[in-house]
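Observations on the model geometry
Here is how the chains run, residue by residue.
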Amino acid sequence: MRRNEGNRRPNPPSAKPRPVKPPAKPAVNKRDAASGGKASAGASASPVGVRPEKKLSEGASPLDVITATFVTEARTSEGLPPPSCAEIAFAGRSNVGKSTLLNAIAQRKGLARTSATPGCTRGLVLFELVLRGGEALRVVDLPGYGFAARARDEKRGWGEMIEGYLASGRPTLAGVCVLVDARRGPEEEERQLVGFLSSVGVSFVFVATKIDKLAKNERFSALERITREFGARVIGVSGDTGEGRDDLVRAMRRLSTPK
Ligand SMILES: Nc1nc2c(ncn2[C@@H]2O[C@H](COP(=O)(O)OP(=O)(O)O)[C@@H](O)[C@H]2O)c(=O)[nH]1
Ligand SMILES: [Mg+2]
């Protein structure tokens, strides 16, 4: 015969009727060693200081971008508006998925133009993003480099524009996201770029794009190869699926936090 294991607990034989107790308060600062229940497992896994995120209404995140605006396009760093909030530059060869990723970061479809045809000449494109918490971040979309069909003079012009901005000593330049295709990893241009960034003392992180094109079991080794070679942080992302978007926004915030 099955025992009654329902919600009602039978009184022990000698128990006197007792007043109903209010429900026990959840334990604070105490690990629930016995039950291994969800609450305690969650609490022990959470880093300190993330609690406020839980107060947001369902689906909202402090990493959401609440406004995203195109500010300007400039040919030189002098053409940019005066420094205000932290700027993160995005660098990458044409077709690496930069525009798609910028749109994913901004949670907007048409902020940065995306195209399958790489290489239209343009300048430093400045966007401003405001996160839900009110924090503003500027993104400087650098022109795509490494497009083989370009004339040498034009390539040199691009190099000067990019390097001129990165070495301008602009006080708000907080760091650079160096985009590489996750399937290819860094090539000669990226090596030169990170060498240049190190020489001018600008922080950078690698961002491995189009991670959705790699099978799940290939991703770790692809990212690890980059970390091993450069000793730099690598964030795997997909502008198409949104994977890694939040990690990247966190990394951008870290770059923009004064050291
Ligand atoms: N599968 C996949 N394709 C992507 C992704 N990001 C961009 N693409 C494609 O790659 C091409 C170039 O993207 P785009 O964002 O214009 O690259 P950009 O030249 O670096 O700005 C387009 O055909 C995009 O649809 C991604 O995360 N996953
Ligand atoms: Mg683009």
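Residues numbered from 1 in each chain as written. Chains lettered and ligands numbered in written order. Predicted model: local features only at pLDDT ≥ 70, side-chain atom pairs only at ≥ 80, totals over all residues.

1. With respect to the overall build of the chain
Definition in use: Here a helix means four or more residues in a row that DSSP labels H or I, a strand means two or more in a row labelled E, and each is numbered from the N terminus. Each residue is classified by how many other C-beta atoms fall within 10 Å of its C-beta atom, where C-beta atoms are placed from the backbone; a count of 20 or more means buried, 12 or fewer means exposed, and values in between mean partly exposed.
When helices and strands are counted, the chain shows six helices and seven strands. Going from N to C terminus, the chain has its helices and strands arranged as α-β-β-α-β-β-α-β-α-β-α-β-α. Within the chain, the proportion of its 259 residues that are buried is 29%.

2. What to know about the pairing of strand β3 (residues 124-131)
Just so we agree on the cut-off: Between any two strands, at least two bridges found by DSSP are needed for them to pair.
Examined bridge by bridge, strand β1 (residues 65-74) and β3 share eight bridges and lie antiparallel to one another. Note on β3: the bridge partner recorded for T72 is L126. Here β3 folds back onto strand β4 (residues 136-141) in antiparallel fashion, the turn holding four residues, of which G134 has a positive phi close to 100 degrees.

3. As for the environment of D240
For the record, the criterion: By definition, residues are in contact whenever their C-beta atoms, placed on the basis of the backbone, come within 7 Å of each other.
Considering the arrangement of structural elements, one finds D240 in the loop between β7 (234-236) and α6 (245-256). Look at D240 and you get partly exposed, because 15 C-beta atoms sit within 10 Å. Residues D240 and A104 lie 136 residues apart in sequence; the distance between their C-alpha atoms is 7.7 Å. Those residues in contact with D240 that sit more than four places away from it in its chain are T100 and D212.

4. A word on the site of ligand 1
In plain terms, the rule: Using a C-beta atom placed from the backbone, a residue is described as near a molecule or strand when that atom lies within 6 Å of it. Each residue receives one of three labels: charged for Asp, Glu, Lys and Arg, nonpolar for Ala, Val, Leu, Ile, Met, Phe, Trp, Tyr, Cys and Pro, and polar for the others, Gly being one of them.
Close to ligand 1 lie 20 residues, the nearest being G97, K98, S99, T100 and D240. Broken down by class, the residue content of the shell around ligand 1 amounts to three nonpolar, twelve polar and five charged.

5. Observations concerning unusual backbone geometry
One non-glycine residue with positive phi stands out, namely N95, at about 80 degrees. Here N95 shows up in the loop between β2 (87-92) and α2 (98-106). The backbone of K210 shows a phi angle near 55 degrees, a positive value even though the residue is not glycine. Here K210 is to be found in the loop between β6 (204-209) and α5 (216-230).

6. Things to note about the environment of A68
Its place among the elements puts A68 in strand β1. Distance from A68 to A136, taken between C-alpha atoms, is 9.7 Å for residues 68 residues apart in sequence. Beyond its immediate stretch of four places on either side in the chain, A68 contacts A106, R108, L111, F127 and L129.

7. Comments concerning the nonpolar core
Filter applied, for reference: For our purposes the nonpolar core covers buried Ala, Val, Leu, Ile, Met, Phe, Trp, Tyr and Cys residues that link as a set through C-beta atoms within 7 Å.
With 54 residues, the main nonpolar core has I88, A89, A91, V178, V207 and A208 as its most contacted residues. Of all the elements, strand β5 (residues 173-181) adds the most residues to this core, at seven residues. Sequence-distant contacts of V178, that is, excluding residues within four places in its chain, are made with A91, G92, E190, L193, V194, F204, F206 and V207.

8. With respect to the sheet that holds β5
Applied cut-off: Throughout, an axis means a line fitted to C-alpha atoms (over the contacting stretch in the case of helices), and angles, computed between N-to-C directions, take values from 0 to 180 degrees.
One open sheet holds the seven strands; their spatial order is β1-β3-β4-β2-β5-β6-β7, and the pairing between them is mixed. Looking at the sheet topology across the chains shown, the edges are occupied by β1 and β7. Direction aside, the axes of adjacent strands within the sheet are offset by 25 degrees on average.

9. Considering the environment of T100
Along the chain, T100 falls in helix α2. In contact with T100, not counting residues within four places along its chain, are T114, G239 and D240.

10. Some points on the confidence of the model for the chain
Here is the rule: Each residue carries a pLDDT score, the predictor's confidence in it, ranging from 0 to 100.
Of the residues in the chain, 71% have a pLDDT of 70 or more, and the chain-wide mean is 79. Long-range and interchain partners of residues 1-54, a stretch whose pLDDT sits below 50, account for ten contacts in this model, where long-range means more than four residues apart.

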